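Fold and geometry: a report
So you can see what is in the structure, the chains are spelled out below.
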Amino acid sequence: QKILADELPDTEVIVVSNREPYIHEKTPDGVVLRKPASGLVSALEPITRTCGGTWIAHGGGSADRETVDQQDHVAVPPEDPTYTLRRVWLSEEELKGYYLGFANEGMWPLCHIAFTRPIFRAADWDAYQAVNRKFADAVIAEAKSDRPIVLVQDYHFALLPRLIRERLPNAIIITFWHIPWPNAEVFSICPWREQILDGLLGSSILGFHIQLHCNNFTESVDRFLESRIDREGAAISYKGGTTLVHAYPISIEWPKKPKFITTDPSRTLRDRHGIPDDVKIAIGVERLDYTKGVLDRFHALDEFFTQHSDWIGRLVFLQIAAPSRSDLPAYKLLHEECLALVAEINDRYGTDGYQPIILLDEHHTQEELAELYRAADICVVSSLHDGMNLVAKEFVASRDDERGVLILSTFAGASRELLEALIVNPFDPSSMGEAFFHALTMPEGEMRERMQRMREVVRSNNVFRWAGSMLVDAARLRKRAALTSAS
Ligand code: G6P
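Residues numbered from 1 in each chain as written. Predicted model: local features only at pLDDT ≥ 70, side-chain atom pairs only at ≥ 80, totals over all residues.

1. Description of the site of the ligand
The condition is simple: Nearness is defined per residue: the C-beta atom, placed using the backbone, must lie within 6 Å of the molecule or strand. Each residue gets one of three labels, nonpolar for Ala, Val, Leu, Ile, Met, Phe, Trp, Tyr, Cys and Pro, charged for Asp, Glu, Lys and Arg, and polar for the others, Gly among them.
With respect to spatial proximity, the complete set of residues near the ligand consists of Asn18, Arg19, Ser38, Gly39, Leu40, Asp154, His178, Ile179, Ser324, Arg325 and Gly387. Split by residue class, the shell around the ligand holds two nonpolar, six polar and three charged.

2. Looking at the packing of helix α5 (residues 160–167) against helix α7 (residues 193–200)
Definition in use: Angular values range over 0 to 180 degrees, each being the angle between N-to-C directions of two axes fitted as lines to C-alpha atoms, with helices fitted over their stretch in contact. Going along the chain from the N terminus, every DSSP run of H or I of four or more residues is numbered as a helix, and every run of E of two or more is numbered as a strand. Reported orientations rely on four angle classes, namely roughly parallel under 35 degrees, roughly antiparallel over 145, roughly perpendicular from 65 to 115, and oblique for the rest. Handedness of a helix crossing follows the sense of rotation of the near helix relative to the far helix, less than a right angle counterclockwise being left-handed and clockwise being right-handed. In this description, any two residues whose backbone-derived C-beta atoms lie within 7 Å of each other are considered to be in contact.
Where α5 contacts α7, the axes come no closer than 6 Å and their chain directions differ by 50 degrees. Taken together, the axis directions place α5 and α7 in an arrangement best described as oblique. Considering how the two elements wind past one another, α5 and α7 form a crossing that is left-handed. Mapping the contact onto sequence places Leu160, Pro161 and Arg162 in α5 and Asp198, Gly199 and Leu200 in α7.

3. What to know about helix α16 (residues 463–486)
Every α-helical turn comprises 3.6 residues, leaving residues that sit three or four positions apart pointing alike. The condition is simple: An expected span of 1.5 Å times one less than the residue number is assigned to each helix. Think of it as a crowd count around each C-beta: if 20 or more other C-beta atoms lie within 10 Å the residue is buried, if 12 or fewer it is exposed, and in between it is partly exposed, with C-beta placed from the backbone throughout.
Compared with the 34 Å implied by 1.5 Å per residue over 24 residues, the 35 Å span of α16 between its first and last C-alpha is a close match. Along α16, the positions that sit buried rather than exposed are Val463, Trp466, Ala467, Met470, Leu471 and Ala474. Buried residues along α16 sit in contact with α1 (2–7), α2 (39–51), β7 (149–153), β8 (172–176) and β9 (205–208).

4. Observations regarding the sheet that holds strand β15 (residues 357–360)
Going by this rule: We call two strands paired when DSSP finds no fewer than two bridges between them.
Spatially, β15-β14-β13-β16-β17-β18 is the arrangement adopted by the six strands of the open sheet, whose pairing is parallel. Both outer strands of the open sheet, β15 and β18 (422–424), are each paired with one neighbouring strand and no more. Neighbour-to-neighbour, the strand axes of the sheet open up by a mean angle of 20 degrees, direction not taken into account. In this sheet, strand β14 (residues 315–322) lies alongside strand β13 (residues 280–287) in parallel orientation, the contact comprising eight bridges.

5. A few points about the nonpolar core
Stated formally: For this analysis, nonpolar core means a set of buried Ala, Val, Leu, Ile, Met, Phe, Trp, Tyr and Cys residues linked through C-beta atoms within 7 Å.
One finds Val16, Val150, Ala392, Leu406, Ile407 and Leu408 to be the most contacted residues of the largest nonpolar core, which totals 135 residues. Beyond its immediate sequence surroundings of up to four residues, Leu408 is in contact with Val381, Ala392, Ala414, Ser415, Leu418, Ala421, Leu422, Ile423 and Val424.

6. Observations concerning the environment of His385
Structurally, His385 can be placed in the loop between β16 (378–381) and α13 (390–398). What makes His385 buried here is the crowd of 20 C-beta atoms within 10 Å. Between the alpha carbons of His385 and Ala114 there is a distance of 6.6 Å; along the sequence they are 271 residues apart. Contacts of His385, omitting those with residues within four sequence positions, involve His112, Ile113, Ala114, Pro180, Thr291 and Phe411.

7. What about the confidence of the model for the protein?
Caution applies to low-pLDDT parts of the model: their predicted coordinates are not meant to be read in detail. Let me state the cut-off plainly: Confidence scores labelled pLDDT are given residue by residue by the predictor and lie between 0 and 100.
Overall, the prediction assigns the protein a mean pLDDT of 95, with 98% of residues at 70 or greater. At the level of chain-chain contacts, confidence expressed as ipTM amounts to 0.94, with global pTM at 0.94.

8. Considering the environment of Ser326
On the secondary structure map, Ser326 appears in the loop between β14 and α11 (329–349). Spatially, the C-alpha atoms of Ser326 and Leu244 are 36 Å apart, while their sequence positions differ by 82 residues. In this structure Ser326 touches Tyr331 and Lys332, once residues within four positions along its chain are discounted.

9. Considering the pairing of strand β17 (residues 405–409)
Keep this limit in mind: When the strands point away from the viewer and the path from the first strand over the helix to the second turns clockwise, the crossover is right-handed.
For β17, the buried fraction is high: five of the five residues fall into the buried class. Judged by which residues are buried, β17 turns out to be covered on both faces: Val405, Ile407 and Ser409 on one side and Leu406 and Leu408 on the other are all buried. Pairing between β16 and β17: four bridges, direction parallel. Note on β17: the bridge partner recorded for Cys379 is Leu406. This β-α-β element, β16 to α13 to β17, shows right-handed connectivity. Sheet topology note: the β17/β18 ladder contains three bridges and is parallel.

Written out as structure tokens, the structure reads:
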């Protein structure tokens, strides 16, 4: 907020994402408000709440239409509104092609090295282009000046920066790509690679979580477009414009009032699931997605029980697997595989009254998740490939008791910052199994020291710093442009 006021005075902020920050749903008890399980939303919402402005997103809730005004606007957060949510309506056909098809069967597996073959259909591409145009129209309709800052979010909108640039040449367009960017060889699979790159280079700033993804993007541009690349300045000049390509590691809002834990935080969880006090608790929290390495962590657990059979009966794994994109075959298959593997492991090691894995495939509120994070002895993030992974950071931020061990995949962006986690390769079940042993036998002092260091990192590199550094860079670009045009 301060950076905006000081460095970019009188500049309106427009955020664009597919997922909306507030979803209104019809239920038998009336309309309820839900916050989606999305890393993107949990990072962007505190920023928009603080800075104000307009957030444009697809209105996907069953009661969304009933809650907007004539301009499809709704003031949010409902309890104390500080910004406007503008909903864009998409038809079943548009959603099928743009969201399920091109974004989630094409771009998502393309960008994650999770060995799921991307599917590219011409009809999905048509829908993707049409929906990007629809959102560009919404941005133009919402913009009150010709120089707004537009914050474009993620792989749903690769074409949007160029479409906005054509109609608002003086806008500052900051695009953040929340998922990895693959190497040029892998990226070349996409039949519309040139158009995707061209679209993104309409941005003033293009952000990724880590430098590797910036390098991969730059290499892709180098390979497929005629452009001028300034590697030292991290800038790409193309079609008369310049895009700064930079790493901005995303984060979370540091919890405001840390409640120091005096009672056993695992009490309710143990009562609810019948977990005895002397049994340790490991947790996994994610959308059920093939990039998250959920099956792989269960294989590691299997390996751990084989190698350390004295732990059978003394460790329970609680896995939250919120249903996600369940209309897609790859996700349905994963759900079935997951149920089968859990049944197999529970069958192998379970006894009357002891179930090694408890799978909860439903949505949980932020409060329930915070309770879970606090109750855990171990939190496992075993993504096969992940832009950042905010579960790792949320776990650390929740542990004001400075206890708990994080087992973290080396292929999640978070592993570049949370160096005191137990870093594992999820493709190697036996070494991940040993990480369980290491975590469970870690001396108290070492556990605290590791957690304290990780908490310092997340506290200072929080989501406001993430947004702040992009805005500072944007202000710098605008000043430089003003100086150039004056000279
Ligand atoms: C995760 C990814 C985001 C992405 C979101 C989409 O949170 O990290 O980059 O935008 O999934 O999820 P959705 O449920 O909206 O398809």
